[in-house]
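One letter stands for each residue in the lines below.
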Amino acid sequence: MISLEEAQQWACDACGKPLVMREVVFLYLNGTFHVDLPACSECDFVFINEELATGKMAEVEGILEDK
Amino acid sequence: MKTSSLSGGAACPLAAPRLYETDILRRAAGNTLRPGGLTLLQEGLQRVNWPAGTRVLDIGCGTGTTAAYLRQTQSLQAIGLDLSEQLLAEGAAANPGLPLIRSRAEKLPIADGSLDGMTCECVLSLVNDPLGTLREFSRVLKDGGQLLFSDIYRRRNITNQELPDNCCFAGATSRERLLDWLHKAGFTVQLWQDRSHLLAELAARLAWQNGSLIEFWSQFAANGDGRPMQQAVKAMRPGYCLVVAAKQG
């Protein structure tokens, strides 16, 4: 998971605003997950780093796909 | 999962700490401590004949969420039964006056033929003698009384020997054997539905909240290594079913 300290090192490319931790809802194949992730304080664009995308998110997708 | 009947728990990795008494499962599954929450109960209620006032026993009631729901929304005379003192105490505090009994599922302190209905969700796979337990359910039901049941089952029918001896998923059986047990216990199956996606959702939530399923299982493995458990569970392709069965008259 991305820490607050790591999130604060990033800024939104479109808005130039700093990222803040937000509760984000993921929906995938009827599965719903609430998680705190860094997002732009202006446009709410969510930042998902590679570790999360290829790690936990990939495992969860595989489980929900019943693989 | 929750249980009223985790007997012989010394060999079970979920016995210490008891998974169903920890916040680890509750964070992912909610107060019902089972896949789908109240979803399958609500679906099953559409298929049973339980008018207001029907006497229903919820086996493995945990904190009594199902029993309270049945009383409040269906006006049933619902009673909860569980083995966990901790969960029953929590349920009594949350729902003062809710009738809750501490007992094993295998030996019910209930008279023969005294109940109109029973619910048993995510419990049978944890008892030592599932056929005997189903016969016990049949004993306390009236003729024609209905059992609303959900549980894990094996979609790949490997033998118990292929799972670690201490794996609680070893208690999950195949669809064919489960239906055979119900028949031998004197039930006529009125509904069988696969709801495996609800188990997948719970597993996904556990993986998400704990980092991965291996990390989830590692919290309960005696040696701290959840990989054998994860591999064994994956090999049996666990599914989840909703069943409604009636005691033959």
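Quick caveat, the model's predicted, so the values are computed rather than measured. (Residues numbered from 1 in each chain as written. Chains lettered and ligands numbered in written order. Predicted model: local features only at pLDDT ≥ 70, side-chain atom pairs only at ≥ 80, totals over all residues. Heavy atoms only, no water.)

K.L.:
Any details on the overall build of chain A? Residues and values, ideally.
P.N.:
Along chain A, the regular secondary structure elements total three helices and two strands. Moving toward the C terminus, one meets the helices and strands of chain A in the order α-β-β-α-α. Residue burial in chain A is summarised as follows: out of 67 residues, 33% are buried. Just so you have it, chain A exposes about 4300 Å², and 51% of that area is on carbon and sulfur atoms. Distance between charge centres in chain A, computed from 4 positive and 13 negative side chains, equals 4 Å. (Helix = DSSP H or I, 4+ residues; strand = E, 2+ residues; numbered from the N terminus. Buried < 20%, exposed > 50% of the residue type's maximum accessible area, 1.4 Å probe, protein only. Areas by Shrake-Rupley, 256 points an atom, 1.4 Å probe, with all protein chains shown as cover. Lys, Arg positive; Asp, Glu negative; His and termini not counted. Charge placed at Lys NZ, Arg CZ, Asp CG, Glu CD.)

K.L.:
Give me the lowdown on the pattern of salt bridges, citing residues and values where you can.
P.N.:
When the charged atoms of two side chains lie near each other, side chains of opposite charge can form a pair. Residues and elements named next belong to chain B. Applying the stated rule across the entire model yields eleven salt bridges over all chains. For R195, the salt bridge identified is with E43, shortest N-O distance 2.7 Å. You can see R195 sitting in the loop between β6 (187-194) and α7 (196-210) and its partner E43 sitting in helix α2 (residues 39-45), a full 152 residues away along the chain. Its salt-bridge partner being K142, residue D116 comes within 3.0 Å of it at the nearest N-O pair. Of the two residues, D116 is situated in strand β4 (residues 115-121) and K142 in strand β5 (residues 141-154); the sequence distance between them amounts to 26 residues. Sharing partners across several salt bridges, the network here consists of D112, E136 and R139. (Salt bridge = Lys/Arg side-chain N within 4 Å of Asp/Glu carboxyl O.)

K.L.:
Got a sec to walk through the pairing of strand β2 (residues 31-40) of chain A? Specific residues and values, please.
P.N.:
Within β2(A), seven of the ten residues are buried, leaving the element largely enclosed by the surrounding structure. Count of turn residues in the strand β1 (residues 19-28) of chain A/β2(A) antiparallel hairpin: two residues, of which A:L29 carries a positive phi of about 50 degrees. (Pairing = 2+ DSSP bridges.)

K.L.:
Give me the lowdown on the interface of chain A and chain B, citing residues and values where you can.
P.N.:
The interface of chain A with chain B comprises 17 residues on the first partner and 13 residues on the second. Approximately 1200 Å² of surface area, both sides summed, lies buried where chain A meets chain B, with 63% of it carried by carbon and sulfur atoms. Run the count over chain A and chain B and you get zero salt bridges. Secondary structure elements with two or more residues in the side of chain A that touches chain B: β2 and α3 (56-64) of chain A. (Contact = heavy atoms within 4.5 Å. Buried area = accessible area lost by both parts, 1.4 Å probe.)

K.L.:
Tell me about unusual backbone geometry, and please be specific about residues and values.
P.N.:
The phi dihedral of A:D44 falls on the positive side, at around 70 degrees, and the residue is not glycine. Here A:D44 shows up in the loop between β2 and α2 (50-54). Since its relative accessible area comes to 46%, A:D44 is described here as partly exposed. Phi at B:R237 takes a positive value of approximately 45 degrees, unusual for a residue other than glycine. Within the secondary structure, B:R237 sits in the loop between α9 (227-235) and β7 (238-247).

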